[in-house]
Amino acid sequence: MNARQIAHQIAPSIIPQSNPLDTLSGMNFDIQFGQFIDQAEFAKYNLVLDSRSCLGRVAQSAAVIEQYFPEADLQAAEVWSDWLAEFMLCMLSRHPEKRFDPTFMQEWLMYEEPHLVILVDGKQFEPLSLQLEQDIIHPKVQIFPVWEAVAVNMMVSQAWLESDSATKLEILQRAEETCPGTTVVSENMVEPLICLGRVNEAREKVAWCLEQRPCARTLFMMYTLTKDEQYYVRLVEGYTEEIVKYF
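These numbers were taken from a predicted model, which means no experiment stands behind them.

Draft legend 1. Quick look at a nonpolar patch on the surface. Taken together, Leu-47, Val-48, Trp-160 and Leu-161 make up a surface patch of nonpolar side chains, about 320 Å² in accessible area. One can find Leu-47 in helix H3 (residues 39-47).

What follows is the structure, encoded as structure tokens:
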């Protein structure tokens with residue numbers, strides 16, 4: 001069963017409104033803030049498009065639009081600059097003591113993780129908007145075909161659950177062929193490439209991700225791989241020295 005079939009099978013039955021975005025705004029996802037689930041558990045959620053994960057919510061939203069508004073122009077977008085991460089940065093500038101709050105720092109890093117939203121007729125839909133009761137428009141996104149992008153993120157989760165580096169890399173290479181140009185695939189290739197002794201390739205992947213979607217994690221990875229102090233300086237200037245303990 002492919003990504004689209006899974007999403008349509010589990011998407012909630014709703015009463016559609018007069019347009020796609022109002023319909024999505026009426027959906028009820030039980031999003032738990034401040035509760036951190038380990039990466040393996042999230043990967044398992046992603047594989048079945050469970051609505052407890054960002055990927056599951058996006059896929060189910062896309063299925064709802066296809067079901068009730070088949071004429072809509074539906075795409076996926078990988079978030080390359082996150083509105084919520086920038087909001088957390090502004091909050092930190094006003095309340096610098098929050099750098100000592102593990103919940104705040106972990107949530108900030110979570111918002112910087114690569115993830116998808118959907119575009120309906122060119123307009124972003126971020127499921128977190130429903131819980132925050134505020135329209136969230138991410139400053140920078142990269143557009144991809146919707147089901148290919150969902151499938152790629154499922155494949156990344158499949159690779160994450162594998163222990164063998166060669167198997168991980170093989171899955172991720174298939175993912176790249178399925179939907180070229182996502183940062184989520186390139187980021188996840190770094191670990192198996194290093195384990196297989198292909199460090200130069202890993203460094204190139206990180207450098208590309210840092211150029212396309214700069215964030216704390218890629219800065220830290222680049223510093224680790226190159227020992228170039230400029231990346232460490234950028235990291236602590238943008239995120240404070242406290243961020244290092246969370247890697």
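Draft legend 2. Geometry of the sheet that holds strand E1 (residues 74-81). Taken together, the four strands give an open sheet; going across it, the order is E3-E2-E1-E4, and neighbouring strands pair in antiparallel fashion. Looking at the sheet topology across the chains shown, the edges are occupied by strand E3 (123-125) and strand E4 (140-144). On average, adjacent strands in this sheet sit at an angle of 40° to one another, irrespective of strand direction. Sheet analysis places E1 next to E4, joined by five bridges and oriented antiparallel. Across the sheet, Ala-76 pairs through a bridge with Phe-144, a residue of E4. Where helix H4 (residues 54-68) meets the sheet, it contacts E1, strand E2 (116-120) and E3, and its direction lies at approximately 15° from that of E2.

Draft legend 3. Layout of the packing of helix H1 (residues 3-10) against helix H8 (residues 146-160). Taken N-terminus to C-terminus, the directions of H1 and H8 make an angle of 95°; their axes are 9 Å apart at the nearest point. Considering their axes alone, H1 and H8 lie roughly perpendicular with respect to each other. Each of Ala-3, Arg-4, Ile-6, Ala-7 and His-8 in H1 lies in contact with H8, whose residues at this interface are Trp-147, Val-150, Ala-151 and Met-154. In terms of residue class, the contact of H1 with H8 is made up of seven nonpolar, one polar and one charged.

Draft legend 4. Region of interest: the pattern of salt bridges. Under the defined criterion, the tally for this structure stands at seven salt bridges. Where Arg-4 meets Glu-66, a salt bridge forms, and the shortest distance between an N and an O atom there is 2.8 Å. Of this pair, Arg-4 sits in helix H1 while Glu-66 is found in helix H4, placing the two residues 62 residues apart along the sequence. The class for Arg-4 is partly exposed, based on a relative accessible area of 39%. Between Lys-245 and Glu-242 there is a salt bridge, with the nearest N and O atoms lying 3.0 Å from each other. The class of Glu-242 is buried, set by a relative accessible area of 18%.

Parameters and conventions
- Residues numbered from 1 in each chain as written.
- Predicted model: local features only at pLDDT ≥ 70, side-chain atom pairs only at ≥ 80, totals over all residues.
- Heavy atoms only, no water.
- Patch = residues over 30% accessible without salt bridge, like charges linked within 9 Å, V, L, I, M, F, W, Y side chains within 5 Å.
- Areas by Shrake-Rupley, 256 points an atom, 1.4 Å probe, with all protein chains shown as cover.
- Salt bridge = Lys/Arg side-chain N within 4 Å of Asp/Glu carboxyl O.
- Helix = DSSP H or I, 4+ residues; strand = E, 2+ residues; numbered from the N terminus.
- Pairing = 2+ DSSP bridges.
- Axes fitted to C-alpha atoms, helices over the stretch in contact; angles between N-to-C directions.
- Contact = heavy atoms within 4.5 Å.
- Parallel < 35°, antiparallel > 145°, perpendicular 65-115°, else oblique.
- Nonpolar A, V, L, I, M, F, W, Y, C, P; charged D, E, K, R; others polar.
- Buried < 20%, exposed > 50% of the residue type's maximum accessible area, 1.4 Å probe, protein only.

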